[in-house]
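Residues per chain are reported as follows:
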Amino acid sequence: MRILVVEDDPDLSRQLKQVLKEQGYAVDVATDGVEGHFLGDTEPYDAVVLDLGLPQIDGVSILQKWRADDRKMPVLILTARDQWSEKVAGFDAGADDYLTKPFHTEELLARLRALLRRAAGHTTDTIELGDLVVDNRAARAFVGGMGIKLTSHEFRLLAYMAAHKGRVISRTEMVEHIYDQDFDRDSNTIEVFIGRLRKKIGTDRIETVRGLGYRLVDPDAPDDAPAAG
């Protein structure tokens, strides 16, 4: 999953980026309202952590602009502890959740996971397809109860496909959601990661749909359509 952090405190933004990357997310950071609005308006993020007290454009105004432009990604707002009115304004602007400063990073991670679960239509951090289990909280995957050794990019790709299991996902969409902005993105590397994942989780779990992309399936489920490639 790809996350945007809009926070003008340099220490906090660095801390959040490090913690989120350690949890397997691709992370972009904006340090003012103008950059934050632009990135959120032009890049396909899975969720946003948005501080309200930003220079140039405040967080509430950014959120109002995003929602007016039909940007639907979940947004977790950060507010000062004593500014209850900001929380109300944030929710009225279209926020999905809020967290008051100072906060524990574990709570932020838990709230983000909850937003991502709801957005994808899941109820827990664990997604199962037969004996394949993807645990987003632990950033680990298992087949038949045995842990699989995955690189960060392999896990990001598997987690994204698991969150949208059964749906055909194009290579372009995969690139947009597993790499941060600074990474040298190349859609051809997706084929490499798909090949590696097939070796680790089983070749019949990832179907190729020619001309469209890939989808993650449970090969033992009776309702799954036969592989297209």
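See the structure shown above.
Residues numbered from 1 in each chain as written. Predicted model: local features only at pLDDT ≥ 70, side-chain atom pairs only at ≥ 80, totals over all residues. Heavy atoms only, no water.

Notes on the sheet that holds strand β9 (residues 146-148)
Paired through backbone hydrogen bonds, the strands of a sheet run either parallel or antiparallel to each other.
Item 1. Across the sheet, four strands lie side by side as β6-β7-β8-β9; this open sheet has antiparallel pairing. A strand with exactly one partner marks an edge of an open sheet, and here the two such strands are β6 (126-129) and β9. Neighbouring strand axes in the sheet, compared pairwise and without regard to direction, differ in orientation by 25 degrees on average.
Item 2. For strand β7 (residues 132-135) and strand β8 (residues 140-143), the ladder comprises four bridges, and the chain directions are antiparallel. Pairing of Val133 across the sheet is with Phe142, part of β8.
Item 3. In the packing of helix α6 (residues 152-163) onto the sheet, contacts are made with β6, β7 and β8, and the angle to β7 comes to roughly 105 degrees. (Pairing = 2+ DSSP bridges. Helix = DSSP H or I, 4+ residues; strand = E, 2+ residues; numbered from the N terminus. Axes fitted to C-alpha atoms, helices over the stretch in contact; angles between N-to-C directions. Contact = heavy atoms within 4.5 Å.)

Let's talk about helix α4 (residues 84-93)
Item 1. Taken as a whole, α4 has its buried residues at Lys87, Gly90 and Ala93. Here the buried residues of α4 occupy an arc of 130 degrees about the axis, which is enough to place them on one side. Relative to its buried face, α4 has exposed residues pointing more than 90 degrees away, namely Trp84 and Asp92.
Item 2. Contact partners of the buried residues in α4: α3 (59-68), β4 (75-80) and β5 (97-101). (Buried < 20%, exposed > 50% of the residue type's maximum accessible area, 1.4 Å probe, protein only. Arc of directions from axis to C-beta.)

What about the packing of helix α1 (residues 10-22) against helix α5 (residues 105-120)?
Item 1. Look at α1 against α5: their axes get within 11 Å of each other, and the N-to-C directions meet at 60 degrees. One finds that α1 runs oblique with respect to α5. Here α1 and α5 pass one another in a crossing that is right-handed. Between α1, through Gln15, Leu16, Val19 and Leu20, and α5, the contact on the second element is made entirely by Thr105, Leu108, Leu109 and Leu112.
Item 2. Class assignment for the residues of the contact of α1 with α5 results in six nonpolar, two polar and no charged. (Parallel < 35°, antiparallel > 145°, perpendicular 65-115°, else oblique. Left-handed = near helix turned anticlockwise from the far one by under 90°. Nonpolar A, V, L, I, M, F, W, Y, C, P; charged D, E, K, R; others polar.)

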